[in-house]
Amino acid sequence: MDRHEHWNSIYQTKAVTDVSWFESDPQISVELINTASSSHGRVIDVGGGASRLVDRLVATGFESVTVLDISEIALEHAKARLGAQAAQVHWIVGDICQIAELPPCDVWHDRAVLHFLTEPNDRRKYVDSVTRTVRIGGHVIIGTFAVDGPLKCSGLEVCRYDAGTLSRELGPRFKLVRELSHTHLTPTSKQQHFFFGLFELLPLLVASTLSPGSSV
Ligand SMILES: C[S@@+](CC[C@H](N)C(=O)[O-])C[C@H]1O[C@@H](n2cnc3c(N)ncnc32)[C@H](O)[C@@H]1O
């Protein structure tokens, strides 16, 4: 089964409130996004699925809100919940490792998507996409399973991260400005340890002067 079929079958067969990653209130994400963009600029939620984060972003009045997901069924759930407000959101169905271009943004948010990219080539494409999409000086929020988090989710293997490994994965242009640990309680009351990093995208020249061994 390919990724698209895999995720569609999950969103077809389970209630959105029963999936292990369900949050009734995406509090950590909201707080980090508000920290990253106090002026409420342009946000993209990558792999947003049926998350309630989009409701909060629209209610706050962010300048533009884009939600991307590989599963159109997940996005249909979110649209149905939002009703008329769904028209205020830019919805994109696609695989983050395949998509050529995304609307420019001030804040990139990803809760529990990067950690499914177990192939280095996919992770390289993901980082290329972030770098092309986020404005210089903009912010990237990534939440993944922590190093003591689950080894699998939805039957798929994951990569687990801490501040060091996530910073290395993203590369020298991403400056870690805040990190936090979070214990997520699943709908069946299991604890899952997450790591969240808030990064600033540095200009190429600044990043290359910080990177050991690089020449300007
Ligand atoms: C664990 S869920 C998290 C959903 C949401 N971020 C949240 O916190 O509720 C992972 C989401 O990523 C989506 N996804 C998985 N792989 C993807 C990919 N390669 N490109 C885009 N979306 C993907 C899935 O459809 C699913 O909605």
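As shown above, the structure is provided for reference.
Only a predicted model underlies this, so the values are computations on that prediction, with no experimental measurement involved. (Residues numbered from 1 in each chain as written. Predicted model: local features only at pLDDT ≥ 70, side-chain atom pairs only at ≥ 80, totals over all residues. Heavy atoms only, no water.)

Caption draft 1: Quick peek at the nonpolar core. Among the nonpolar cores identified, the biggest contains 39 residues, and Ile-33, Val-54, Val-89, Trp-91 and Ile-141 are the most heavily contacted of them. Elements supplying a minimum of two residues to this core: α1 (3–13), α2 (27–36), α3 (53–60), β2 (64–69), α4 (72–82), β3 (89–93), β5 (134–145) and β9 (191–201). Excluding its chain neighbours within four sequence positions, the residues that come into contact with Trp-91 are Val-54, Val-67, Leu-75, Ala-78, Lys-79, Leu-82 and Ala-86. Core analysis: the next-biggest nonpolar cluster, separate from the first, contains 28 residues, Ile-96, Cys-159, Ala-163 and Leu-170 among them. (Core = buried A, V, L, I, M, F, W, Y, C linked by side-chain atoms within 4.5 Å. Buried < 20%, exposed > 50% of the residue type's maximum accessible area, 1.4 Å probe, protein only. Helix = DSSP H or I, 4+ residues; strand = E, 2+ residues; numbered from the N terminus. Contact = heavy atoms within 4.5 Å.)

Caption draft 2: Up close: the environment of Glu-179. By secondary structure assignment, the location of Glu-179 is in strand β8 (residues 174–185). We classify Glu-179 as partly exposed; its relative accessible area is 47%. Remark: the alpha-carbon pair of Glu-179 and Gly-143, spanning 36 residues in sequence, is separated by 9.7 Å. Excluding its chain neighbours within four sequence positions, the residues that come into contact with Glu-179 are Ala-163, Phe-195, Phe-196 and Gly-197.

Caption draft 3: Here's a closer look at the pattern of salt bridges. Under the defined criterion, the tally for this structure stands at 11 salt bridges. A salt bridge links Asp-122 to Arg-3; the nearest nitrogen and oxygen atoms lie 2.4 Å apart. Linking Asp-122 in helix α5 (residues 120–133) with Arg-3 in helix α1, this pair joins segments that are 119 residues apart in sequence. Look at Arg-3 and you get partly exposed, because its relative accessible area is 31%. The partner of Arg-123 in a salt bridge is Glu-169, and the shortest N-O contact between them spans 3.1 Å. (Salt bridge = Lys/Arg side-chain N within 4 Å of Asp/Glu carboxyl O.)

Caption draft 4: Structural view of the environment of Gln-88. Residue position: Gln-88 is located in the loop between α4 and β3. Excluding its chain neighbours within four sequence positions, the residues that come into contact with Gln-88 are Val-58 and Val-65.

Caption draft 5: Examining unusual backbone geometry more closely. The backbone phi angle of Ala-112 is positive, close to 70 degrees, even though this residue is not glycine. Along the chain, the position of Ala-112 falls in the loop between β4 (105–111) and α5. On the basis of relative accessible area, Ala-112 is assigned to the buried category, the value being 13%.

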